[in-house]
Amino acid sequence: MSPVADAFRVVIIGGGVGGTAVAYHLSLLGWTDVLLLERSELTSGSTFHSAGLVGQLRSSPTLTKMMVDSVATYRGLAVETGTDPGWREVGSLRLACTPERMEELHRQNGWAAAYGLPMELIGPDEAKALFPLMNTDGVLGAAWLPTDGYLDPTGLTMALAAGARQRGVTIRERTRVTGITVERGRVTGVTTDACAITCEVVVNAGGMFAPEIGAMAGVTVPAIPMAHQYLVTEAIDGVHPDLPQLRDPDNLVYFRPEVAGLVMGGYEREPAPWGLDGIPADFNGKLLPPDWPRFEEISRGAVRRVPAMADIGVRQVINGPEAFTPDNEFILGESDVRGFFVAAGFSAHGIAGAGGVGRQVAHWIVDGGPPLDLWKMDIRRFGAQYRTRSVTLARSIENYATYYDIHYPNEERQSARDLRLSPTYPRLADLGCAFGEKSGWERPNWFEANAATGDEALRPRGWAGRHWSPAIGAEALATRNAAALFDETSFAKIEISGPGAADFLQGLCANDVARAIGRITYTQMLNRRGGIECDFTVTRLAEDRFFIVTGTAFGNHDLGWIRSHAPDDGSVSLTDVTSARACLGIWGPRARDIVQSVSTDDWSNEAFPYLTARPMTIGPVPVLALRVTYVGELGWELYAPMEYGLALWDALWTAGQPHGLVAGGYRAIDALRLEKGYRVWSADITPEEHPYQAGLGFAVRLNKPGGFLGRDALLALRDATPDRALACLVLADPRAVALGNEPVRVDGAVVGRVTSGGYGFAVERSIAYAYLPPALAIPGQRAEVDVFGEWVAATVSPEPLYDPEGLRLRS
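The structure displayed is predicted, hence computed values, not measured ones.

## A closer look at the overall build of the protein chain
- A count of helices and strands for the protein chain gives 17 helices and 39 strands.
- In terms of overall size, the protein chain behaves like a compact globule, its C-alpha atoms giving a radius of gyration of 27 Å where 811 residues would be expected to give roughly 28 Å.
- Referenced to the eigenvectors of the C-alpha coordinate spread, the extents of the protein chain come out at roughly 80 × 70 × 50 Å.
- For the protein chain, the residues scored as buried account for 61% of the 811 residues in total.
- A separation threshold of at least 6 residues defines the contact pool for the protein chain, and within that pool the share at least 24 residues apart is 72%.
- About 29200 Å² of surface is accessible on the protein chain, with carbon and sulfur atoms providing 51% of the total.
- Here the protein chain contributes 73 positive and 95 negative side-chain charges, whose respective centroids are spaced 3 Å apart.

In structure tokens, the structure reads:
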């Protein structure tokens, strides 16, 4: 006799802290037709052996907001549900034992001010007064955050589950999912060892089992189980439950109280991946044997910091697998299979972030998108290379091993490199290219040979000057004064075609993209709140064919956003053509002279005006030439079939030598775009900001026929006073460079934070963009920016700083 089928609106797979948090927050939003399935018992995967630390300050405002959300949830669970999660708000200390680590604390203290967290920097003696067991030898200072804490991971899960149950959510333990049904690209149900269940939404909250669950739906979830260890000591004099957490990253170790003893763990340099050939089917509620040799490095650091650890007895060693991702960020959101969501890859954030994750994923399901900008955690951020275990494993090991390292801005990962190479790669290497990596592509950061004509005296102070070269300035100035050639093959490229393509894009883009064939339109795509989901150019190639160019790291995001709104009637076709076309950018006042010298086509301004596209030839190479710029100079993006890419470079390089052409990298592009005020999606503009806040109202056509997604929200926002506006700040000290997230204050009060910054070599100024209250975002307004603990004077300036009338790019 066949099992009886069942039906729910949402099925959540996984009964750990992630799955129960999603169920809890769905119930708060009124969605109670929800079934949570757990293969064994609640918490029996990784949750039960978590160390339970909750720290709120993280490296991004989004992640920090999620941690703050978590704490707000945890504080009230006991009263609300009647189940105590064991939350103790004891505060946390983070030590610095080197000048570089102290700089990091100053930077984090600035972030805390920008995010509204009550952090303060204190001296070694003050830190010891809060954690008397510690030895302060070598300690230069500490960060103290009184609202951090710890809890019981099992108690937290049970409290979340209780809250969900009380509102009507169904939880079934000892029910194993054996299959997921997908029809026409959409999830329609799950099969268990008990019955088949139809549903509209599936949430994969399977923890270390998430890759296995994702595979059932044809979805790659790039996460690797790592054996993570900590121990619990016998009672130690002076330990009490209200002792704060202590993190000592220079010694790779953390502590928190556990009854009268201490929990001690850390992140060792030689991690231990586990379960690579599959996790045993009966691995439920189990631990791994202690691995003392791997724990020795952490133990030595623990004794240095807390000498009592040398002689105290060990009550228990916990060695359990936890899922880590290639970038140590969560894996969240809807996959390419519609209705199949993921809430996994908790890495080192799990317990601290679970409450925030649950809220974001629940809103994503209910509202069609999360309240915060979650691109850095979005499952779509991973390219096809992560389908291979070797890439995921290499990056996950590197990130785990360097978890407590200081990660300087513009740092490059060393593992899983040389995967996606432009056809010009050998030429770039021959020119001394300093390669960086993005989305698997090897891309030029700068060319060290150009450093000889740069100015070492312009090296920024502190962290901004670490991954830096005088070549960056030389390349930027060459672009302004002569010409530079940039390999931009990594740009994401999307073709949209079909009889419904024009109407479809008109309904998604805020600007009017249904223009004449050959016209280029700069536009955004918005969410229903008016927030900016995509930012790119659209070129009309034919009546029924359009070409979108977007950032290297945003191709998967933008394609996913577009695909999620595409009709399924066959009238629109979406194709990712990134790997089919090479792209070279040539810009500068001599750019026209160079391209004209190797082409019989007419490149004059009259024949080929700004923001138009046409098929052309460069030497023997057929190209699609787009007269567009992200650097603010005369020039073109030149697209050719990939096999022509090397010949295209050679033709331009040879022709350009008499004109002073140099090879340029992406760091020069960033400096040039700052001078022109060009925005960067995911930094200056995100789904949390709308065009009127971001100064992009010029790219909105509210009255175009048919309307567009987000138009109703913009109509209301247009007539309202915005709560913030993006402003250009010029810092008084040109060698003090803001890197992002630094607080901005006026008259002693923090009023905003930096979104992006850098040095403008042509304008000879340190530039920072920041959202400020509109009354303060006016030229001439005085402000200060916290650059590593030093408040640097700044002034709001008219933008753009360079060529404000745009004469050069239209010349």
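## Section: the sheet that holds strand β29 (residues 581–587)
- Spatial ordering of the open sheet is given by β30-β31-β32-β29-β23-β33, a layout of six strands whose pairing is mixed. Pairing within the sheet leaves two strands with one partner each, and these edge strands are β30 (613–618) and β33 (661–664). For this sheet, the mean angle separating the axes of adjacent strands, direction not counted, is 30 degrees.
- Bridge count between strand β31 (residues 621–626) and strand β32 (residues 635–641): three bridges; the pairing is antiparallel. Looking across to β32, one finds that alanine 625 is bridged to leucine 638.

## Let's talk about helix α7 (residues 292–305)
- With 14 residues, α7 should cover 20 Å at 1.5 Å per step; its first-to-last C-alpha distance of 19 Å lies within 8% of that length.
- The sharpest bend along α7 measures roughly 35 degrees and falls at isoleucine 298.
- Listed as buried for α7 are Arg294, Phe295, Ile298, Gly301, Ala302 and Arg305.
- Among the structural elements, β5 (92–96), β14 (224–233), β15 (245–248), β16 (253–258), β17 (261–266) and β18 (314–324) are those in contact with the buried residues of α7.

## A look at the packing of helix α11 (residues 470–481) against helix α16 (residues 666–676)
- Look at α11 against α16: their axes get within 8 Å of each other, and the N-to-C directions meet at 55 degrees. By the angle between their axes, α11 is oblique relative to α16. Handedness of the α11/α16 crossing: right-handed. Contacts from Ile472, Glu475, Ala476, Thr479 and Arg480 in α11 reach Arg667, Ala668, Leu672, Glu675 and Lys676 in α16.
- A per-class count over the contact of α11 with α16 returns four nonpolar, one polar and five charged.

## With respect to the pattern of salt bridges
- Under the counting rule described, the total for this entry stands at 41 salt bridges.
- Measuring nitrogen to oxygen at the nearest pair gives 2.4 Å for the salt bridge that ties aspartate 405 to arginine 269. Here arginine 269 lies in the loop between β17 and α7 and aspartate 405 lies in the loop between α9 (389–401) and α10 (425–430), a separation of 136 residues in the sequence.
- Taking relative accessible area as the criterion, aspartate 405 reaches 24% and is therefore assigned partly exposed.
- Here arginine 380 and aspartate 378 are joined by a salt bridge, their closest N and O atoms 2.6 Å apart.
- Classification of arginine 380 as buried rests on a relative accessible area of 15%.
- Bridged by salt links that share partners, the residues Arg480, Glu633, Glu675 and Arg808 form one connected network.

## Considering the sheet that holds strand β24 (residues 492–497)
- The five strands are arranged β25-β26-β27-β24-β28 in an open sheet whose pairing can be described as antiparallel. Only two strands of the sheet have a single neighbouring strand rather than two, namely β25 (520–526) and β28 (573–576). Averaged over all neighbouring strand pairs, the angle between strand axes comes to 30 degrees, with direction disregarded.
- The pairing of strand β26 (residues 532–542) with strand β27 (residues 545–550) spans five bridges and is classified as antiparallel. From the neighbouring strand, threonine 537 faces β27, where its bridge partner is valine 549.
- Sheet strands touched by helix α13 (residues 555–565): β24, β25, β26, β27 and β28. Its angle to β26, the strand with the most contacts, is close to 80 degrees.

## Some remarks on the environment of tyrosine 150
- As for its placement among the helices and strands, tyrosine 150 is situated in strand β8 (residues 149–150).
- Sequence spacing of tyrosine 150 and valine 71 is 79 residues, and the spatial spacing of their C-alpha atoms is 9.8 Å.
- In this structure the side chain of tyrosine 150 is engaged in a polar contact, spanning 2.6 Å, whose partner is the backbone oxygen of proline 241.

## What about the nonpolar core?
- Ranked by size, the top nonpolar core spans 47 residues in total, and within it Ile12, Leu26, Val203, Phe330 and Leu332 carry the most contacts.
- Those elements giving two or more residues to this core turn out to be β2 (10–13), α1 (17–28), β3 (34–37), α2 (61–81), α5 (153–166), β13 (201–204), β20 (340–344) and α8 (350–367).
- No other element matches α8, which puts eight residues into this core.
- Those residues in contact with phenylalanine 330 that sit more than four places away from it in its chain are Leu63, Met66, Met67, Ala344, Gly345, Phe346, His349, Gly353, Val357, Met377 and Arg381.

## A few points about the pairing of β5
- Taken across its five residues, β5 has four buried, putting it largely inside the fold.
- Where β5 and strand β7 (residues 141–145) come together, five bridges link them in antiparallel fashion. What sits directly across from leucine 93, in β7, is tryptophan 144.
- Where β5 lies against β15, three bridges are found, and the strand directions are parallel. Following the sheet pairing, leucine 93 is matched in β15 by leucine 246.

## Structural notes on the packing of aromatic side chains
- Tallied over the entire structure, the rule returns 27 aromatic pairs.
- Residues phenylalanine 382 and tyrosine 386 carry aromatic rings whose centres are separated by 5.1 Å and whose planes lie at 70 degrees to one another, so their mutual orientation is edge-to-face. Of the two residues examined, phenylalanine 382 and tyrosine 386, each falls in the buried class.
- Relative to phenylalanine 435, the ring of tyrosine 425 has its centre 4.7 Å away and its plane inclined at 25 degrees; by these criteria the two rings are stacked. Of this pair, tyrosine 425 sits in helix α10 while phenylalanine 435 sits in strand β21 (residues 433–438); the two residues are 10 residues apart in sequence, bridging distant segments of the chain.
- The class of phenylalanine 435 is buried, set by a relative accessible area of 18%.
- Among the aromatic residues, those joined into a cluster by ring pairs are Tyr254, Tyr267, Phe324, Tyr400, Tyr403 and Tyr404.
- Over the aromatic face of phenylalanine 209 sits the side chain of arginine 39, whose NZ or CZ is 3.9 Å from the ring centroid.
- Between arginine 581 and the ring centre of phenylalanine 547, over which it is positioned, the NZ or CZ distance is 4.7 Å.

## Comments concerning the packing of α1 against α5
- In the contact formed by α1 and α5, the axes pass within 8 Å of each other and the chain directions differ by 30 degrees. Accordingly, the angle class assigned to the pair α1 and α5 is roughly parallel. For α1 against α5, the interelement crossing comes out left-handed. Across from Val17, Thr20, Ala21, Ala23, Tyr24 and Ser27 in α1, the residues of α5 making contact are Leu156, Thr157, Leu160, Ala161, Gly163 and Ala164.
- Taken together, the residues of the contact of α1 with α5 break down into eight nonpolar, four polar and no charged.

## Thoughts on the side chain of threonine 43
- Relative to the assigned elements, threonine 43 resides in the loop between β3 and β4 (53–54).
- When neighbours within four sequence positions are excluded, threonine 43 is seen to be in contact with Gly15, Gly16, Phe48, Thr154, Thr157 and Met158.

## Description of unusual backbone geometry
- Each neighbour pair has its own omega, and for glutamate 799 with proline 800 the value is 0 degrees, a cis peptide bond.
- Summarising the element assignment, proline 800 is placed in the segment after β39 (790–797).
- For serine 682, which is not a glycine, the phi torsion comes out positive at approximately 85 degrees.
- Here serine 682 lies in the loop between α16 and α17 (711–718).
- A positive phi is found at phenylalanine 788, a non-glycine position, where the angle reads about 55 degrees.
- By secondary structure assignment, the location of phenylalanine 788 is in the loop between β38 (782–787) and β39.

The rules behind each value
Residues numbered from 1 in each chain as written. Predicted model: local features only at pLDDT ≥ 70, side-chain atom pairs only at ≥ 80, totals over all residues. Heavy atoms only, no water. Helix = DSSP H or I, 4+ residues; strand = E, 2+ residues; numbered from the N terminus. Rg over C-alpha atoms; globule rule 2.2 N^0.38 Å. Buried < 20%, exposed > 50% of the residue type's maximum accessible area, 1.4 Å probe, protein only. Contact = heavy atoms within 4.5 Å. Areas by Shrake-Rupley, 256 points an atom, 1.4 Å probe, with all protein chains shown as cover. Lys, Arg positive; Asp, Glu negative; His and termini not counted. Charge placed at Lys NZ, Arg CZ, Asp CG, Glu CD. Pairing = 2+ DSSP bridges. Axes fitted to C-alpha atoms, helices over the stretch in contact; angles between N-to-C directions. Expected span 1.5 Å × (residues − 1). Bend = angle between axes of the 7 residues up to and from the residue. Parallel < 35°, antiparallel > 145°, perpendicular 65-115°, else oblique. Left-handed = near helix turned anticlockwise from the far one by under 90°. Nonpolar A, V, L, I, M, F, W, Y, C, P; charged D, E, K, R; others polar. Salt bridge = Lys/Arg side-chain N within 4 Å of Asp/Glu carboxyl O. Polar contact = N/O pair within 3.5 Å; in protein donor to acceptor, adjacent residues only side chain to side chain. Core = buried A, V, L, I, M, F, W, Y, C linked by side-chain atoms within 4.5 Å. Phe/Tyr/Trp six-rings, centres within 6.5 Å; stacked < 30°, edge-to-face > 60°. Lys NZ or Arg CZ within 6 Å of the ring centre and 35° of its normal.

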